[in-house]
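So the chains spell out like this:
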Amino acid sequence: MGGMTTDIKLIDENGRRVDGRTPEEMRPLKIEAGVLKRADGSAYVEWGLNKVLAAVYGPRECHPRHMQNPTRALVQCKYNMAAFSVDDRKRPGPDRRSQEISKITSEALSHVVFTEYFPRASIDVYVEVLQANAGTRCAGLTAASVALADAGVPMRDLVASCAAGKAAGVVMVDLGKEEDNFGEADIPVGYVPRTKEIVLLQMDGDLTHDEYTKGLDMAIKGCEKVYDIQRDALRRRYEARSLDSEIGAPEGVQKEVA
Ligand code: CDP
């Protein structure tokens with residue numbers, strides 16, 4: 001991001017991007033809920049060339065015990081990139097980047113989970129990136145949120161996530177790999193559509209105030225599209241059951257902590 005040069009034409013003479021998209025167009029997004037038998041909840045996301053799995057365990061007793069909060073549950077995300085997920089083999093294990101993404105994902109999800117219902121508990125969220133092509137934190141947060149709902153964890157709403165940014169001087173939504181590598185800026189956003197709250201906002205690179213405002217607006221519009229696809233995935237999963245009662249009526253889905 002910022003500074004790297006390339007011969008790739010990030011915007012052609014017709015205003016189209018490397019993969020033929022318009023600046024307002026997102027990459028294709030597919031979400032499936034409930035893909036793993038052993039987890040309490042799970043989701044699989046394919047977003048462009050990104051492939052991400054999320055699994056949720058809990059609420060369950062928090063270990064180690066000194067981490068327990070007597071008034072609420074901890075939402076603990078572990079984001080991991082598979083060694084084979086990127087062009088150059090990714091060295092296995094946590095690094096600064098994965099720790100940062102784990103932290104911001106945990107914080108974004110903590111805003112929507114009714115953590116006060118589960119004192120001393122932990123809700124563990126695992127995000128595994130199987131294939132990466134820019135935007136994996138947004139794909140991971142989107143998948144994690146569906147996996148939490150699939151696990152029946154009571155939530156105020158889903159978190160939908162999408163980025164916007166700037167490449168070749170053009171503000172655009174949902175940057176692809178080349179745009180991320182050679183573009184000027186990237187703003188990943190996590191959004192709660194029901195309350196219109198922003199629960200994740202980062203910025204990499206430089207933007208003017210107007211570009212930032214335009215980018216944020218594009219990212220939020222992207223989040224709203226992501227939200228529809230998340231809800232469709234949950235609707236399919238629960239078939240006849242209404243999604244609104246699932247995430248809006250915590251009494252019905254509240255789980256007992258062991
Ligand atoms: O994935 P996201 O855009 O949320 O995070 P990033 O740190 O901006 O990374 C952008 C992209 O760089 C990733 O999606 C990967 O495609 C790539 N990457 C990589 O090739 N090797 C890494 N160790 C980390 C990221």
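Located above this text is the structure these notes cover.
In what follows, the accompanying structure is described.

Conventions we followed
- Residues numbered from 1 in each chain as written.
- Predicted model: local features only at pLDDT ≥ 70, side-chain atom pairs only at ≥ 80, totals over all residues.
- Heavy atoms only, no water.
- Helix = DSSP H or I, 4+ residues; strand = E, 2+ residues; numbered from the N terminus.
- Rg over C-alpha atoms; globule rule 2.2 N^0.38 Å.
- Buried < 20%, exposed > 50% of the residue type's maximum accessible area, 1.4 Å probe, protein only.
- Contact = heavy atoms within 4.5 Å.
- Areas by Shrake-Rupley, 256 points an atom, 1.4 Å probe, with all protein chains shown as cover.
- Lys, Arg positive; Asp, Glu negative; His and termini not counted.
- Charge placed at Lys NZ, Arg CZ, Asp CG, Glu CD.
- Near = heavy atom within 4 Å.
- Polar contact = N/O pair within 3.5 Å; in protein donor to acceptor, adjacent residues only side chain to side chain.
- Nonpolar A, V, L, I, M, F, W, Y, C, P; charged D, E, K, R; others polar.
- Pairing = 2+ DSSP bridges.
- Axes fitted to C-alpha atoms, helices over the stretch in contact; angles between N-to-C directions.
- Parallel < 35°, antiparallel > 145°, perpendicular 65-115°, else oblique.
- Left-handed = near helix turned anticlockwise from the far one by under 90°.

**A look at the overall build of the protein**
- Along its length, the protein carries 6 helices and 10 strands.
- Relative to a compact globule of 258 residues, whose C-alpha radius of gyration would be 18 Å, the protein shows 18 Å and is just as compact.
- Within the protein, the fraction of its 258 residues that count as buried is 51%.
- Nonlocal contacts in the protein, meaning residues at least 24 apart in sequence, comprise 69% of its contacts between residues at least 6 apart.
- Surface exposure of the protein reaches about 12500 Å², of which carbon and sulfur atoms provide 49%.
- The centroid of the 35 positive side-chain charges in the protein is displaced by 5 Å from the centroid of its 40 negative side-chain charges.

**Regarding unusual backbone geometry**
- That bond from Gly 58 to Pro 59 is cis: its omega, 5°, falls within 30 degrees of zero.
- Mapped onto the elements of the fold, Pro 59 is located in strand β3 (residues 50-61).
- With omega at 0°, the peptide bond leading from His 63 into Pro 64 counts as cis.
- Position of Pro 64 among the secondary structure elements: in the loop between β3 and β4 (74-81).
- Even without being a glycine, Ala 134 presents a positive backbone phi close to 80°.
- Tracing the backbone shows Ala 134 in the loop between β5 (121-131) and α2 (136-150).
- A relative accessible area of 12% places Ala 134 in the buried class.
- With a phi close to 50°, Asp 174 is a non-glycine residue in the positive phi region.
- Judged by its relative accessible area of 4%, Asp 174 falls in the buried class.

**Description of the site of the ligand**
- Taken together, Met 81, Val 86, Lys 90, Arg 97, Ala 132, Asn 133, Ala 134, Gly 135, Thr 136, Arg 137, Lys 177 and Asp 180 make up all the residues around the ligand.
- Ala 134 places a polar main-chain atom, nitrogen or oxygen, 2.7 Å from an oxygen atom of the ligand.
- Gly 135 places a main-chain nitrogen or oxygen 2.7 Å from an oxygen atom of the ligand.
- Considering the ligand on its own, with 510 Å² of exposed area, one finds that the protein chains cover 77% of that surface.
- Among the elements of the structure, α2 and α3 (177-182) are those that each provide at least two residues to the shell around the ligand.
- Residue composition of the shell around the ligand, by class: 4 nonpolar, 3 polar and 5 charged.

**Points about the sheet that holds strand β2 (residues 41-47)**
- Ordered in space as β1-β2-β3-β5-β4, the 5 strands form an open sheet in which the pairing is mixed. With one partner strand each, in any of the chains shown, β1 (29-33) and β4 form the two edges of the open sheet. Geometrically, the sheet is characterised by an average inter-axis angle of 15° between neighbouring strands, direction not taken into account.
- Contacts from helix α1 (residues 96-110) reach β4 and β5, with the element oriented near 145° to β4.
- The sheet contacts of helix α4 (residues 209-238) involve β1 and β2, and relative to β1 the element is tilted by about 35°.

**Points about the environment of Val 35**
- Here Val 35 lies in the loop between β1 and β2.
- The class of Val 35 is partly exposed, set by a relative accessible area of 31%.
- Look past the residues within four positions of Val 35 in its chain and what remains in contact with it is Ser 42, Ala 43, Tyr 44 and Leu 53.

**Thoughts on the packing of α2 against α4**
- Close contact between α2 and α4 brings their axes to 10 Å; oriented N to C, the two are set at 30°. Here α2 is positioned roughly parallel relative to α4, judged by the angle of their axes. Every pair of crossing elements has a handedness; the one defined by α2 and α4 is right-handed. Packed against α2, whose contacting residues are Thr 142, Ser 145, Val 146, Ala 149 and Asp 150, the element α4 presents Val 226, Gln 230, Leu 234, Arg 237 and Tyr 238 at the interface.
- Taken together, the residues of the contact of α2 with α4 sort by class into 5 nonpolar, 3 polar and 2 charged.

**Quick look at the side chain of Ser 161**
- Along the chain, Ser 161 turns up in strand β6 (residues 160-167).
- Separated by 2.8 Å, the side chain of Ser 161 and the backbone oxygen of Val 189 make a polar contact.
- Contacts of Ser 161, omitting those with residues within four sequence positions, involve Trp 47, Cys 138, Leu 141, Thr 142, Val 189, Gly 190, Leu 200, Cys 223 and Val 226.

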